[in-house]
Amino acid sequence: MGGHSLTDAGPLVILGATGSIGRQAIEVAERLGRQVVALGARQGSDGLVSLAERFPEARVVAAAPTNQEHAMLRDRLGSRYARGPEELEELARTAAVVVNGIVGSAGLPASVAALESGNRLALANKESLVAGGPVVLAAAERGGGEIVPVDSEHSALFQCLQGEDLSSVTRLILTASGGPFRDRADLSDVTLGEALAHPTWNMGPRITIDSSTLMNKAFEVIEAHLLFGISYDAIDVVVHPQSIVHSMVEFADGSTKAHVGEPDMRVPIQYAITYPDRAPGGERFDWSDRTLTFEKPDFDRFPLLGLGYDAGRAGGSAPATMNAADEIAVQAFIDGRISYSMIATIVEMSLERMGVQAIDTVADVLAIDTESRNVAAEIAGSC
Ligand code: MG
């Protein structure tokens, strides 16, 4: 959690600019009057072009545009445009605060580049820590960069931990909405439409389904362990359907600090940019007539939650395998090739088949990712 110098109205690089986090980060940046010096995205969509027009000074990178998109971007933007994944990494090396909202393992090299360059990484890319945990932490160590989490739960924990000594922490408590199937006994006949209807957060299809299986919460447990160095035995999940308490930290003296607010990703995004300062922003919370409820998660109906703890404790390549296998399984479910309950089966079988290996470099992570996908696809194809 480094020094104050990084925050002094430094410029912003926004990666995954056309996605949900990226767009909200741009909104926050404009509200704060912060300079956006670069925009990066995977594709070269029209969305990227219109963002580029909104920020006429910004460098623009598309990591993997189609030839047609590439030609259009080059025509419209000239020399401030570049393409390729290396160019995306280059952007991550250039500014003080890098918002990484890229979806998928394509976000990992940019996270490593930002941290190696001593930048602040406002991290929303799940794969960076889940798949590349040891590599990302080593990059921060090497380059002196700092991670400020953007995910609502980790931002909540990060904020609750400000001014605290980690040795006095007895428990991290991550809240989970419980997803749409919190009260549903039989999950074997869940349809795609049902799995895509998340009660409180509006997100992309994979993370919405991952929220319904609690896979997403398992990933967040792993991320919390890596971010704060707290043992898995001291990280709990509690189901809180209202999504108002974003997470909690319990201390040795019996005190618990909670971070509370309306579900609004712009709040954690803004905090990651302004930390350790705060700026005006989100909605005031209305405390009248609010009922907040908490219950234990059901590890039997949501086996991916327990598998996530197991993979986290196993360490090394296991979380990367879990992430890759889950992505393949979720896609197979979206495509109608497997049933909802097979998602967990495929993840479990992939973890068994792949075993645990050490990961030291981005290349190691990407190799495990590819191999795990192949294994998961093979299992999915045979069921
Ligand atoms: Mg979350």
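See the structure shown above.
Every value quoted in this text rests on a predicted model; they were computed, and no experiment measured them. (Residues numbered from 1 in each chain as written. Predicted model: local features only at pLDDT ≥ 70, side-chain atom pairs only at ≥ 80, totals over all residues. Heavy atoms only, no water.)

1. A few points about helix α10 (residues 205-213)
Now for step 1: Counting buried positions over the nine residues of α10 gives seven, a clear majority of the element.
Now for step 2: Taken together, the buried positions of α10 are Arg206, Thr208, Ile209, Asp210, Ser211, Ser212 and Thr213.
Now for step 3: Leucine 214, located one to two residues past α10, shows a positive phi value of around 70°. (Buried < 20%, exposed > 50% of the residue type's maximum accessible area, 1.4 Å probe, protein only. Helix = DSSP H or I, 4+ residues; strand = E, 2+ residues; numbered from the N terminus.)

2. Digging into the packing of helix α14 (residues 318-334) against helix α15 (residues 342-354)
Now for step 1: The interhelical angle for the contact between α14 and α15, taken along N-to-C directions, is 145°, at an axis separation of 8 Å. Along this stretch, α14 crosses α15, giving a crossing that reads as right-handed. Each of Ala318, Thr321, Met322, Ala325, Asp326, Ala329, Val330 and Phe333 in α14 lies in contact with α15, whose residues at this interface are Ile343, Ile346, Val347, Ser350, Leu351 and Met354.
Now for step 2: Of the residues in the contact of α14 with α15, the class split is eleven nonpolar, two polar and one charged. (Axes fitted to C-alpha atoms, helices over the stretch in contact; angles between N-to-C directions. Left-handed = near helix turned anticlockwise from the far one by under 90°. Contact = heavy atoms within 4.5 Å. Nonpolar A, V, L, I, M, F, W, Y, C, P; charged D, E, K, R; others polar.)

3. Topic: the side chain of asparagine 100
Now for step 1: Assignment of secondary structure puts asparagine 100 in strand β5 (residues 97-100).
Now for step 2: For asparagine 100, the residues in contact, after removing those within four places along its chain, are Leu15, Gly107, Ala110, Ser111, Leu121, Ala122, Leu123, Ala124, Asn125 and Ser128.

4. Brief notes about the nonpolar core
Now for step 1: One finds Ile14, Leu15, Leu39, Leu172, Met322 and Ile343 to be the most contacted residues of the largest nonpolar core, which totals 110 residues.
Now for step 2: What leucine 39 contacts, discounting residues up to four positions off in sequence, is Ile14, Ala17, Ile26, Leu51, Ala52, Phe55, Ala58, Arg59, Val60, Val61 and Leu91.
Now for step 3: If you look at the next biggest cluster of nonpolar residues, it comprises nine residues, including Ala41, Leu48, Val49 and Leu73. (Core = buried A, V, L, I, M, F, W, Y, C linked by side-chain atoms within 4.5 Å.)

5. Considering the coordination of the magnesium ion
Now for step 1: The protein atoms that coordinate the magnesium ion are Asp151 (OD), Glu153 (OE) and Glu220 (OE), at distances spanning 2.1 to 2.4 Å.
Now for step 2: Donor residues for the magnesium ion sit on one chain with the sequence pattern D-x1-E-x66-E. Residue glutamate 153 is located in helix α8 (residues 152-160), and its partner glutamate 220 is located in helix α11 (residues 215-228); the two are separated by 67 residues in the primary sequence.
Now for step 3: Look at glutamate 220 and you get buried, because its relative accessible area is 1%. (Donors = N, O, S within 2.8 Å, 3.2 Å for Na, K, Ca; no water.)

6. Concerning the packing of helix α1 (residues 20-32) against helix α12 (residues 266-274)
Now for step 1: Between α1 and α12, the least distance of the axes is 9 Å, while the angle of their chain directions is 60°. The angle between the axes of α1 and α12 places the two elements in the oblique class. Between α1 and α12 the crossing geometry is right-handed. Between α1 and α12, the contacting residues are Ile21, Gln24, Ala25, Glu27, Val28, Arg31 and Leu32 on the first element and Arg266, Ile269, Gln270, Ile273 and Thr274 on the second.
Now for step 2: Looking at the contact of α1 with α12 residue by residue, the classes come out as six nonpolar, three polar and three charged. (Parallel < 35°, antiparallel > 145°, perpendicular 65-115°, else oblique.)

7. Structural notes on the sheet that holds strand β7 (residues 146-149)
Now for step 1: Judged by pairing direction, the sheet is parallel, and its seven strands sit side by side in the order β4-β3-β2-β1-β5-β6-β7 without closing on themselves. Since the sheet does not close on itself, it has two edges, and those belong to β4 (81-83) and β7, each with one partner. Averaged over all neighbouring strand pairs, the angle between strand axes comes to 20°, with direction disregarded.
Now for step 2: Pairing of β5 with strand β6 (residues 120-123) involves four bridges; the strand directions are parallel. Looking across to β6, one finds that valine 98 is bridged to leucine 121.
Now for step 3: Helix α5 (residues 108-116) rests against β1 (12-15), β5, β6 and β7 of the sheet, and its axis sits at about 150° to β6. (Pairing = 2+ DSSP bridges.)

8. Looking at the pattern of salt bridges
Now for step 1: All chains considered together, the criterion is met by 30 salt bridges.
Now for step 2: Put simply, lysine 126 and aspartate 151 hold a salt bridge, and the shortest N to O gap is 3.2 Å. Taken together, the positions of lysine 126 in helix α6 (residues 126-130) and aspartate 151 in the loop between β7 and α8 put the pair 25 residues apart, joining distant regions of the chain. For the pair shown, lysine 126 and aspartate 151 are each scored as buried.
Now for step 3: Salt-bridge contacts for lysine 126 lead to glutamate 220; the nearest nitrogen and oxygen are separated by 3.2 Å. Residue lysine 126 is found in helix α6, and its partner glutamate 220 is found in helix α11; the two are separated by 94 residues along the sequence. Pair check on accessibility: lysine 126 and glutamate 220 agree, each one buried. (Salt bridge = Lys/Arg side-chain N within 4 Å of Asp/Glu carboxyl O.)

9. Let's talk about the packing of aromatic side chains
Now for step 1: Counted by the stated rule, this structure contains eight aromatic pairs.
Now for step 2: With a centroid separation of 6.3 Å and 50° between ring planes, the pair formed by phenylalanine 299 and tyrosine 309 is classed as tilted. One end of the pair, phenylalanine 299, is in the loop between α12 and α13 (303-314); the other, tyrosine 309, is in helix α13, with ten residues separating them in the sequence.
Now for step 3: Of the residues examined, phenylalanine 299 reaches a relative accessible area of 40% and is grouped as partly exposed.
Now for step 4: Taking the relative accessible area as the measure of exposure, tyrosine 309 reaches 8% and is therefore buried. (Phe/Tyr/Trp six-rings, centres within 6.5 Å; stacked < 30°, edge-to-face > 60°.)

10. What about the sheet that holds strand β8 (residues 169-176)?
Now for step 1: Within the open sheet, the four strands sit side by side as β9-β8-β10-β11. Their pairing is mixed. Two strands close off the open sheet at either side, each with one partner strand: β9 (235-239) and β11 (256-260). If you compare each strand with its neighbour and ignore which way they point, the axes differ by 20° on average.
Now for step 2: When β8 meets strand β10 (residues 245-251), the two strands line up antiparallel, connected through five bridges. Paired with leucine 174 across the strands is serine 247, a residue of β10.
Now for step 3: Lying on the sheet, α11 is in contact with β8 and β9; it crosses β8 at an angle near 150°.

That's the geometry; what it means functionally is another story.
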